[in-house]
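Architecture and fold: a report
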Amino acid sequence: MNCRKLYDIASKGLDVLYPRECPCCGRLLAFFEYSAGFCGKCRKEIRFVTEPSCKKCGKPLADSTEEYCYDCKRIAHLFVQSKAVYVYSGGMKTAMYGLKYGNRRYFAEVFAKDMAKRHARWLAGLGVDMVLPVPMHAAKKRQRGYDQAEELAKALCREAGLPFSGKTLVRTKKTLPQKELNDTDRRKNLKNAFKIPQNSVKSNGVLLVDDIYTTGATIDACAEALKNAGVREVYAMTVVVGQGI
């Protein structure tokens, strides 16, 4: 029996003991809703990222004649491309809070299924050697008890059959919360915040996984460390993204 089947059996056993809740509204899910991951009402209200979207960062755009969002027109990102699944609005704000701060780690499985399904062709065509979570500082991880980006990356790898690596990239600097900073300060805050413990990485392509994409400062900081260590191309995927302009 392979690891995936063992994981599925264990998950079903836990579902019986600990019924799952809708990430958006908190209502306990009926068994027939487990496959969708959300209750029927919230599933209909979720805003998925659709076209037109920024060809660089994946933010949904209001103007179909535009190819890039305002941020990507003025910032020379170090990653090749980033994709997201949901727009950060409505119930998804509650869902992300639960994943990040409410110990709702199993939300990562729900989100990863949509990530793998909605971007299956893109993921298959990347040809990446490894999937890395955007790492949390060790002290913060000990305090929280888990790293939500790591949970997401592992879940995505299970769904998409991709190779996970959790020790290639580490965060060495305790940074301030990004949500409290503007774009310029975000980039200063993340300067030299990440490093490669083994000093070099033989890889043609890496996929970074994180929870939220805002300006791309975090992804760029990770990409800089990876590219300096020898990675040729860096891609990214997040659960949610803000609306582009």
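The sections below set out a description of the structure shown in this document. Since the model is a prediction, treat every value here as computed from it, not as a measurement.

Parameters at a glance
- Residues numbered from 1 in each chain as written.
- Predicted model: local features only at pLDDT ≥ 70, side-chain atom pairs only at ≥ 80, totals over all residues.
- Heavy atoms only, no water.
- Axes fitted to C-alpha atoms, helices over the stretch in contact; angles between N-to-C directions.
- Helix = DSSP H or I, 4+ residues; strand = E, 2+ residues; numbered from the N terminus.
- Parallel < 35°, antiparallel > 145°, perpendicular 65-115°, else oblique.
- Contact = heavy atoms within 4.5 Å.
- Nonpolar A, V, L, I, M, F, W, Y, C, P; charged D, E, K, R; others polar.
- Phe/Tyr/Trp six-rings, centres within 6.5 Å; stacked < 30°, edge-to-face > 60°.
- Buried < 20%, exposed > 50% of the residue type's maximum accessible area, 1.4 Å probe, protein only.
- Lys NZ or Arg CZ within 6 Å of the ring centre and 35° of its normal.
- Salt bridge = Lys/Arg side-chain N within 4 Å of Asp/Glu carboxyl O.
- Expected span 1.5 Å × (residues − 1).
- Pairing = 2+ DSSP bridges.
- Polar contact = N/O pair within 3.5 Å; in protein donor to acceptor, adjacent residues only side chain to side chain.

1. Remarks on the packing of helix 4 (residues 91-101) against helix 5 (residues 107-118)
Between helix 4 and helix 5, the shortest axis-to-axis distance is 9 Å and the interhelical angle comes to 125 degrees. By the angle between their directions, the pair helix 4 and helix 5 is classed as oblique. Contacts between helix 4 and helix 5 pair Met 92, Ala 95, Met 96, Gly 98 and Leu 99 from the former with Phe 107, Ala 108 and Phe 111 from the latter. Residues of the contact of helix 4 with helix 5, tallied by class, amount to 7 nonpolar, 1 polar and no charged.

2. Description of the packing of aromatic side chains
Per the stated rule, a full pass over the model turns up 10 aromatic pairs. On the basis of an interplanar angle of 85 degrees and a centroid distance of 6.2 Å, the ring pair of Phe 79 and Tyr 213 is categorised as edge-to-face. Within this pair, whereas Phe 79 is found in the loop between helix 3 (70-74) and strand 1 (81-87), its partner Tyr 213 is found in strand 5 (residues 205-213), the two being separated by 134 residues in sequence. With a relative accessible area of 1%, Phe 79 lands in the buried category. Taken together, the ring pairs in this structure connect Phe 38, Phe 48, Tyr 86, Tyr 106, Phe 107 and Phe 111 into an aromatic cluster. Here the guanidinium or amino end of Lys 93 rests over the ring plane of Tyr 88, the centre of that ring lying 5.7 Å away. Taking NZ or CZ as reference, Arg 118 lies 4.0 Å from the ring centre of Phe 48, over its face.

3. Description of the pattern of salt bridges
This structure, assessed with the given rule, holds 12 salt bridges. A salt bridge links Arg 20 to Glu 109; the shortest N-O distance between them is 3.0 Å. Here the residue Arg 20 occupies a position in the loop between helix 1 (3-17) and helix 2 (40-45), and Glu 109 occupies one in helix 5, the gap between them amounting to 89 residues. For Arg 20, a relative accessible area of 14% translates into the label buried. Its salt-bridge partner being Arg 104, residue Glu 21 comes within 3.1 Å of it at the nearest N-O pair.

4. Describing helix 5
Side chains three or four residues apart in an α-helix point the same way, a direct result of the helix having 3.6 residues per turn. The end-to-end C-alpha distance of helix 5, which contains 12 residues, comes to 17 Å, matching closely the 16 Å that a straight helix rising 1.5 Å per residue would cover. When you tally the buried positions in helix 5, you get 9 out of 12 residues, the bulk of the element.

5. What to know about the sheet that holds strand 6 (residues 233-241)
An order of 1-6-5-2 is seen for the 4 strands of this open sheet, with the pairing classed as parallel. The open sheet has two free edges, formed respectively by strand 1 and strand 2 (130-133), since each of these has just one partner strand. Averaged over all pairs of adjacent strands, the angle between their axes in this sheet comes to 20 degrees, without regard to strand direction. Here strand 1 pairs with strand 6 via 6 bridges, running parallel. Considered in strand 6, the bridge of Gln 81 is made with Tyr 235. Set on the sheet, helix 8 (residues 148-160) makes contact with strand 2, strand 5 and strand 6; between it and strand 5 the angle comes to about 125 degrees. Across the sheet, helix 10 (residues 217-228) touches strand 2, strand 5 and strand 6, and the angle it forms with strand 5 is around 160 degrees.

6. Looking at helix 8
Along its 13 residues, helix 8 runs 18 Å from first to last C-alpha, staying within 8% of the 18 Å computed at 1.5 Å per residue. Buried within helix 8 we find Gln 148, Ala 149, Glu 150, Leu 152, Ala 153, Ala 155, Leu 156 and Cys 157. Regarding helix 8, its N-cap is Asp 147, as a side-chain oxygen of that residue lies 3.0 Å from the backbone nitrogen of Ala 149 further along. With its phi angle positive at about 70 degrees, Gly 161 sits one or two positions after the end of helix 8.

7. Thoughts on unusual backbone geometry
Between Glu 51 and Pro 52 the backbone carries a cis peptide bond, its omega angle lying at 0 degrees. As for its placement among the helices and strands, Pro 52 is situated in the loop between helix 2 and helix 3. Non-glycine residue Asn 103 carries a positive phi angle of around 60 degrees. With respect to the helices and strands, the residue Asn 103 is situated in the loop between helix 4 and helix 5. On the accessibility criterion, Asn 103 (44% relative accessible area) is partly exposed. Of note in the backbone geometry, Asn 192 takes a positive phi value of approximately 60 degrees without being a glycine. Along the chain, the position of Asn 192 falls in the loop between helix 9 (183-189) and strand 4 (194-195). A relative accessible area of 63% means that Asn 192 is categorised as exposed.

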